[in-house]
Amino acid sequence: MEETLSFLGDHGGSAKIVAGGTDLLVEKPGGVECLIDVNSLPLDYIKEEGEGLRIGALTTIESINGSEILTGPVHVLTEASNVFGHRNVRNLATIGGNLCSSVPSADMATPLMVLDSSAHIASLRGERTVPLEEFFVFVRENALEADEMLIEVRVPPQPPRTGTAFAKIGRTSVDIALVNVAVRLTLGEDDVCRDVRIALGSVAPTPMRSARAEGLLRGKRLDEALIDEAAKAAFEEIRPISDVRSSAEYRRDACKVLAKRCILRALERARGGPD
Ligand SMILES: Cc1cc2nc3c(=O)[nH]c(=O)nc-3n(C[C@H](O)[C@H](O)[C@H](O)COP(=O)(O)OP(=O)(O)OC[C@H]3O[C@@H](n4cnc5c(N)ncnc54)[C@H](O)[C@@H]3O)c2cc1C
């Protein structure tokens, strides 16, 4: 670890970490003089800590997909990993690489955001923790300084009576997302929506929360009309672009449909329905 961090410190922006290489070796960014293969570092783990979780940056998407400890609300990570690329990609691709690529379509970003996760970062100067929502800065830009490495993702304990859901639309079921949505919904004793977090991917320069949709649902007893209204609010809040994968109009409509589906599924799970 110390050797990795000192390489990063010495080479600044011209050094790049290679984890699975499924983004870096496809993207081949310019100006890179030094590749640091970190695969022998002991950062491939999913550990329970109290009622929360610590997931090492080198944990592959396939390990997340097969993990038996991801039950209850954190099962949303399994739901997302299940439609992440095909198995060959999942065997190489890491959770750390997915977050550090910092593209708006990253399938691990939205579920981790709704779980209120944070990124634990290290450099030779010390360690720090950044809430995931502050980690993403712009397309392919994040909070990491040139000498820093993502070490692990920390997921806090989830409140009782909480349900989550993830949904994605891609060209095929395992393609990069045209839109992805994750929702975490917590019910109070009186069946009122005590808290809700809605994260939207591939509809803005970074994965984003829909504050307006969340505000409409929080503190209310949910019915289909209100959920429709919240999905429409998400639709109005996003600023998607048209690109080779999809038109902005399609992304908007897809976002509305996925937001509604995820809210309904998360609500059912908060009421005790199956994962
Ligand atoms: C065919 C194909 C299908 C794909 N399908 C999907 C999909 O369905 N969903 C999806 O979200 N993505 C998909 N991807 C994109 C890619 O697989 C993921 O983003 C993957 O998680 C990247 O992880 P990696 O370990 O391969 O990262 P790498 O390519 O090794 O690294 C990516 C970037 O992150 C940096 N980095 C990596 N680890 C760290 C760290 N610990 N600290 C600091 N910086 C770090 C690297 O320097 C590099 O800049 C697909 C890619 C391919 C080629």
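What you see is a predicted model, and the numbers here were worked out from it, not measured in a lab.

Student: Describe the domain arrangement of the chain, with residues and values.
Tutor: Looking at the chain, the domain boundaries give domain 1 (2-36 + 43-155) and domain 2 (162-270). Distance between the C-alpha centres of domain 1 and domain 2: 23 Å. Every contact between the two is made by 23 residues of domain 1 and, on the other side, 25 residues of domain 2. Going through the elements one at a time, helix H4 (76-81), helix H7 (109-114) and strand S7 (136-138) are the ones with two or more residues in the side of domain 1 that touches domain 2. Top element by residues in the side of domain 1 that touches domain 2 is H7. It accounts for five residues.

Student: Outline the nonpolar core, listing residues and values.
Tutor: If you look at the biggest cluster of nonpolar residues, it comprises 80 residues, and the most contacted ones within it are Val181, Val183, Ala234, Cys255, Ala259, Cys262 and Ile263. Counting residues per element, this core draws most heavily on helix H11 (residues 248-270), at nine residues. Counting contributing residues, this core receives three or more from each of domain 1 (2-36 + 43-155) and domain 2 (162-270).

Student: An account of the pairing of strand S12 (residues 193-201) is requested, with residue identities and associated values reported.
Tutor: Looking down a regular strand, the side chains alternate between one sheet face and the other. Of all nine residues making up S12, seven are buried, and the element is well covered by its neighbours. Where strand S11 (residues 177-187) and S12 come together, eight bridges link them in antiparallel fashion. Across the sheet, the residue bridging to Val183 is Ile198, located in S12. Between the end of S11 and the start of S12, which pair antiparallel, lie five residues, with Asp191 showing a positive phi angle near 70 degrees. Relative to strand S13 (residues 208-209), S12 runs antiparallel, the two sharing two bridges.

Student: So what's going on with the sheet that holds strand S5 (residues 118-123)? Which residues, and what values?
Tutor: Pairing within the open sheet is antiparallel, and its five strands lie in the order S3-S4-S9-S5-S6. Strand pairing shows two members of the sheet lacking a second neighbour, strand S3 (46-49) and strand S6 (126-131), which therefore form its edges. Between one strand and the next, the sheet's axes are offset by a mean angle of 25 degrees, whatever the strand orientation. Across four bridges, strand S4 (residues 52-56) lies against strand S9 (residues 149-155) in antiparallel orientation. Bridged to Arg54 within S9 is Arg154. Against the sheet, helix H1 (residues 2-11) engages S5 and S9, with an angle of about 80 degrees to S5.

Student: Give me the site of the ligand: which residues, what numbers.
Tutor: Close to the ligand lie 30 residues; Ala19, Gly20, Gly85, Gly97 and Asn98 are nearest. Of all the secondary-structure elements, those providing two or more residues to the shell around the ligand are strand S1 (15-18), helix H2 (24-27), helix H5 (87-92), helix H6 (95-101) and S9. Its residues placed into classes, the shell around the ligand shows 17 nonpolar, ten polar and three charged.

Student: Mind laying out the environment of Ser102, listing which residues take part and the relevant values?
Tutor: Within the fold, Ser102 resides in the loop between H6 and H7. Along the sequence, Ser102 and Arg140 sit 38 residues apart, while their C-alpha atoms lie 4.6 Å from each other. Apart from residues no more than four positions distant in its own chain, Ser102 is found in contact with Phe136, Arg140, Glu141 and Asn142.

Reading guide: rules and limits
Residues numbered from 1 in each chain as written. Predicted model: local features only at pLDDT ≥ 70, side-chain atom pairs only at ≥ 80, totals over all residues. Domains from an automatic or database assignment. Contact = placed C-beta atoms within 7 Å. Helix = DSSP H or I, 4+ residues; strand = E, 2+ residues; numbered from the N terminus. Core = buried A, V, L, I, M, F, W, Y, C linked by C-beta atoms within 7 Å. Buried ≥ 20, exposed ≤ 12 C-beta atoms within 10 Å, placed from the backbone. Pairing = 2+ DSSP bridges. Axes fitted to C-alpha atoms, helices over the stretch in contact; angles between N-to-C directions. Near = placed C-beta within 6 Å. Nonpolar A, V, L, I, M, F, W, Y, C, P; charged D, E, K, R; others polar.

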